[in-house]
Amino acid sequence: PAEIRKEAEYQKNVWKGFLIAIPYSASIGGTATLTGTAPNLLLVGSLKNFFPACDLINFGSWFVFACPLMLLFLLLGWLWISFLYGGLNTRLCLKKKDFRAEAEARARAVIKADYEKLGPIQFAEGAIACLFFLFATLLFTRDPKFFPGWSKLFKAGFLSDAVTGVTIVTILFFFPSQKPSIKWWFDKRAPNTPSPPLLSWKKAQESVPWNIILLLGGGFAMAKGCEESGLSSWIGGQLQPLESVPPVVAVLLITVVVASFTELASNTATIIIFLPILAELAMRLQVNPLYLMIPGTVSCSYAFMLPVSTPPNAIAFASGHLVVKDMVRTGVVMNIIGVLVLSLAMNTWGQYIFDLSTYPDWAIVHSANATRALPDIYDHTVKPLNFTL
């Protein structure tokens, strides 16, 4: 009986590890691509508003930076969760023919049976796979920065990642979902029945997350409002003590602050608040704005401690097998790992990918424009306020 109870407790801990690993891996994996999470998209939109001449962030360059970071964080997170919940127990390696091995064999048989029920791949599935592969290839090779991309064949600024996405989606609207018959071209008596496309406009209307699009648009508007009103400049001025802090330490502090803030607020709200402040702070520190804005963006996805931090956390917690204490004790270490790994990435391969060691010309131009605009902001806001008082 004691061994049975011990085994039941062990299985319960492993089950908790499975549950908690799912939302954590979802949050970490989303940082690898620009479309993986909302803060990444907001970063791209904010850069176009704050620094229109900055063209360093695109799908390919971001993936080259964020994918190694994601893989390293996943590896360290897996080791921590496995250690905490018993997944690295050596008993699994020492006992080959116990009831656990038999249970795993039955599980593999179930998975294999379900896989065989899927049958052969259909024409529509193959077409979607090919178009998706083409889409990913075009995104990664458009302008990866470390070798000339195919966008060099066109005028500078003429193409963006959005052009690639719209082109592939347009193809879906007229590409047939059923394999066309070659006989139709030679046999005049062949039936001329239309084949439904891979994607219909009705299905697109039902599937597009319009609420997310409106949310992102509102975020861009709020960020632009903070810049135009001078609020980001004022807040950046209040952070003057950070000007004496080395940039490496500033990145570490920013990552800690944003990761802590996003535990209690949504990722989108957090990045909307911090991006204008980080852009202004970077200009005051005379460092590359990407050096502060990228870690601020990525750390928004490092919310692991509370069920309310992210929707994946809430879904896992709603299963009823986890308590807040489980997420807190696991998430604290995950946050520490994320902060350290992100700081490592920014000060190693991130320096070479985005040329973070220099203060770029596109930031100098924006800083000069912002300096000229401050007197106008002062005249239109502060003086009327003093008159009223």
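Everything quoted here is computed from the prediction, not taken from an experiment.

Some thoughts on the layout of surface pockets
In this structure, the largest pocket occupies an estimated 1,900 Å³ of space. Residue lining of the largest pocket: 48 residues in total, with Thr-35, Leu-41, Ser-160, Asp-161 and Ala-162 positioned closest to the centre. For the lining of the largest pocket, the per-class residue count stands at 32 nonpolar, eight polar and eight charged.

Considering helix α3 (residues 59-84)
In this model α3 runs 35 Å from its N-terminal to its C-terminal C-alpha over 26 residues, within 8% of the 38 Å that 1.5 Å per residue would give. In the structure, α3 departs most strongly from a straight axis at Ala-66, where the bend amounts to approximately 30 degrees and where the proline Pro-68 lies between one and four residues downstream. Residue Asn-58 occupies the N-cap position of α3, its side-chain oxygen lying 3.0 Å from the main-chain nitrogen of Gly-60. A positive backbone phi angle near 85 degrees is found at Gly-86, which sits one or two residues after α3.

Remarks on the UniProt feature "transmembrane region" (unreviewed entry) in the protein chain
Sites flagged by UniProt as "transmembrane region" (unreviewed entry) map to residues 20-44, 56-81, 121-141, 153-175, 248-278 and 328-349. Each end of residues 328-349 is marked by a C-alpha atom, and these two atoms are 31 Å apart; helix forms 91% of the span and strand 0%.

Side note on the packing of aromatic side chains
Applying the stated criterion across every chain, the model contains 15 aromatic pairs. Summarising the aromatic geometry, the rings of Trp-150 and Phe-154 are spaced 6.4 Å apart at their centres and angled 85 degrees between planes, so their arrangement reads as edge-to-face. Note on Trp-150: relative accessible area 23%, which makes it partly exposed. Aromatic side chains Phe-261 and Phe-274 sit 5.4 Å apart centroid to centroid with 80 degrees between the ring planes, which places their arrangement in the edge-to-face category. Of this pair, Phe-261 sits in helix α11 (residues 247-261) while Phe-274 sits in helix α12 (residues 267-285); the two residues are 13 residues apart in sequence, bridging distant segments of the chain. Residue classification places Phe-274 among the buried positions, given a relative accessible area of 14%. What links up through ring pairs into an aromatic cluster is the set Tyr-24, Phe-73, Tyr-302 and Phe-304.

Rules used throughout
- Residues numbered from 1 in each chain as written.
- Predicted model: local features only at pLDDT ≥ 70, side-chain atom pairs only at ≥ 80, totals over all residues.
- Heavy atoms only, no water.
- 1 Å grid on protein atoms, 1.4 Å probe; cavity = no way out; pocket = protein on both sides within 12 Å on 5 of 7 lines; lining within 4 Å.
- Points joined across faces, edges and corners; volume = space filled by probe spheres on them.
- Nonpolar A, V, L, I, M, F, W, Y, C, P; charged D, E, K, R; others polar.
- Helix = DSSP H or I, 4+ residues; strand = E, 2+ residues; numbered from the N terminus.
- Expected span 1.5 Å × (residues − 1).
- Bend = angle between axes of the 7 residues up to and from the residue.
- Polar contact = N/O pair within 3.5 Å; in protein donor to acceptor, adjacent residues only side chain to side chain.
- UniProt positions renumbered as here; feature names shortened; annotations may be inferred.
- Phe/Tyr/Trp six-rings, centres within 6.5 Å; stacked < 30°, edge-to-face > 60°.
- Buried < 20%, exposed > 50% of the residue type's maximum accessible area, 1.4 Å probe, protein only.

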